[in-house]
Amino acid sequence: MSVKNNKMDRRYAQTRVGIHVKTLLMLLAFSLISAAQITSAQTVSSTAIVSQEDYLKRIKIFRIGTGGTSGTYYPIGGMVAQAISNPPGSRPCSEGGSCGVPGLVAIAQSSNGSVSNIHSIAKGELESGFAQSDVVYWAYTGKGVFKNEKAIPEIRAIANLYPETLHLVARKGSGIKSVHDLRGKKVSLDESGSGTLIDARLILNAYDLKESDLKAEYIKPEHAIGKIERGELDAFFIVTGYPTPSVSKLASGVGAQLIAIGGKETTGLLKRWSFFSPDTIPENTYPGIPSTPTISVGAQWIVSAKVDENLVYQITKALWNATTRQILNHGHTKGKVIEIERALEGIAIPLHPGAERFYREMGMLP
């Protein structure tokens, strides 16, 4: 057990992308190690932490639901978790230490994505999570894809983070040159509970296609990559910030194509759903793939309305702290476009009172 814990502690120190754990048990193991290290350190007094039990009592746990490990939510979640965390015993921000929330340990948890995160927040299984702007709106209002479910009014927004781009990725040599060519092909629409599945269905409808017109599969992008490499799948949808590792891997391996999402078929889609925006994946974002028109939505950080107002205020303040800029700039490519100037773009649900207080103080709200 101690070997696994030491490995996890080294990974935390080396990667500096936040805390990635799948269970609370692993978090507690990390905390015990940290407590032992801090207790033995010369930078704190012997009375700073009386015991491991006392240390654990001082920790506030804050979970962030992300997405699959091959997408963008997961690494972004790690960076955000690092930025807002400040475990007991850490050096103060003024001395070059963490500028996160005192006593807070944030966890970036892998999940099925947007829909799953929102449901988990509503059930109290997560304090917060990332979700697409379209899914957030539908969940809060009980409209669109949530029309057959109860609305989820207990979600609130912390911030809009970055644009998420719809990728339709086809295996090179699959014969797929347009969305219309998906008819009769083996295509993954992503897992149930993902925002990608919702948007893939909207795209198919815009092109007068039904799921029954395809040989549809419902698997995560990382599994879709493996099937494409083995010749068992022709294409897959993924909504993510570019570049995403799974697409880069495929393009550098057996070869891939990006299929354009644009033209008259999407004109009505963009008019009907204001949360969609026209977008373009630039040339050579992925090896050898030309510039490709598509659409995008916003990636938003959502939190339960039940989370303490002052805690969310401090989390929002830590997210936009100047030191967080360094974490975001040197992590995933999309981290560079997470800027406070875009924090309120496309938010169609109420802000959490804590976040609202911060933005008001910054003069971003009347």
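Preceding this section is the structure that the text describes.
Residues numbered from 1 in each chain as written. Predicted model: local features only at pLDDT ≥ 70, side-chain atom pairs only at ≥ 80, totals over all residues. Heavy atoms only, no water.

### Here's the deal with the overall build of the protein chain
Looking only at helices and strands, the protein chain features 13 helices and ten strands. Residue pairs at least 24 apart in sequence account for 72% of intrachain contacts in the protein chain once pairs closer than 6 positions are excluded. Summing over all exposed atoms, the protein chain offers an accessible surface of approximately 16,300 Å²; the carbon and sulfur share of this is 51%. (Helix = DSSP H or I, 4+ residues; strand = E, 2+ residues; numbered from the N terminus. Contact = heavy atoms within 4.5 Å. Areas by Shrake-Rupley, 256 points an atom, 1.4 Å probe, with all protein chains shown as cover.)

### Quick look at the environment of Gln300
Mapped onto the fold, Gln300 is located in strand S10 (residues 292-304). Along the chain, Gln300 and Glu345 lie 45 residues apart, while their C-alpha atoms are 9.5 Å from each other. Excluding residues within four positions of it along the chain, Gln300 makes contact with Gly129, Phe130, Ala131, Ser133, Val136, Ala159, Asn160, Leu161, Glu345, Gly346 and Ile347. Polar side-chain contacts of Gln300 include one of 2.9 Å to the backbone oxygen of Gly346. (Polar contact = N/O pair within 3.5 Å; in protein donor to acceptor, adjacent residues only side chain to side chain.)

### A closer look at the packing of helix H5 (residues 114-123) against helix H6 (residues 133-141)
It is at 10 Å that the axes of H5 and H6 come closest, and there the two elements cross at 40 degrees. Between H5 and H6, the angle is such that the two are oblique. Here the hand of the crossing between H5 and H6 comes out right-handed. When H5 is examined against H6, the residues Ser114, Val115 and Ile118 are found in contact with a partner set consisting of Val135, Val136 and Ala139. Grouping the amino acids of the contact of H5 with H6 by side-chain chemistry returns five nonpolar, one polar and no charged. (Axes fitted to C-alpha atoms, helices over the stretch in contact; angles between N-to-C directions. Parallel < 35°, antiparallel > 145°, perpendicular 65-115°, else oblique. Left-handed = near helix turned anticlockwise from the far one by under 90°. Nonpolar A, V, L, I, M, F, W, Y, C, P; charged D, E, K, R; others polar.)

### As for the pattern of salt bridges
Evaluation of the coordinates by the stated rule reveals ten salt bridges. Notably, a salt bridge pairs Asp213 with Arg183, separated by 3.6 Å at the nearest N-O pair. In this pair, Asp213 sits in the loop between helix H7 (195-206) and strand S6 (215-217) while Arg183 sits in the loop between strand S4 (155-171) and strand S5 (186-188), placing the two residues 30 residues apart along the sequence. Between Glu339 and Arg342 there is a salt bridge; the shortest N-O distance is 2.9 Å. Judged by its relative accessible area of 29%, Glu339 is partly exposed. Here Arg342 falls in the partly exposed class, since its relative accessible area comes to 31%. (Salt bridge = Lys/Arg side-chain N within 4 Å of Asp/Glu carboxyl O. Buried < 20%, exposed > 50% of the residue type's maximum accessible area, 1.4 Å probe, protein only.)

### Observations regarding the nonpolar core
Grouped together as the largest cluster of nonpolar side chains are 83 residues, with contacts concentrated most on Phe62, Ile84, Leu182, Phe237 and Trp301. With nine residues, the top contributor of residues to this core is S4. (Core = buried A, V, L, I, M, F, W, Y, C linked by side-chain atoms within 4.5 Å.)

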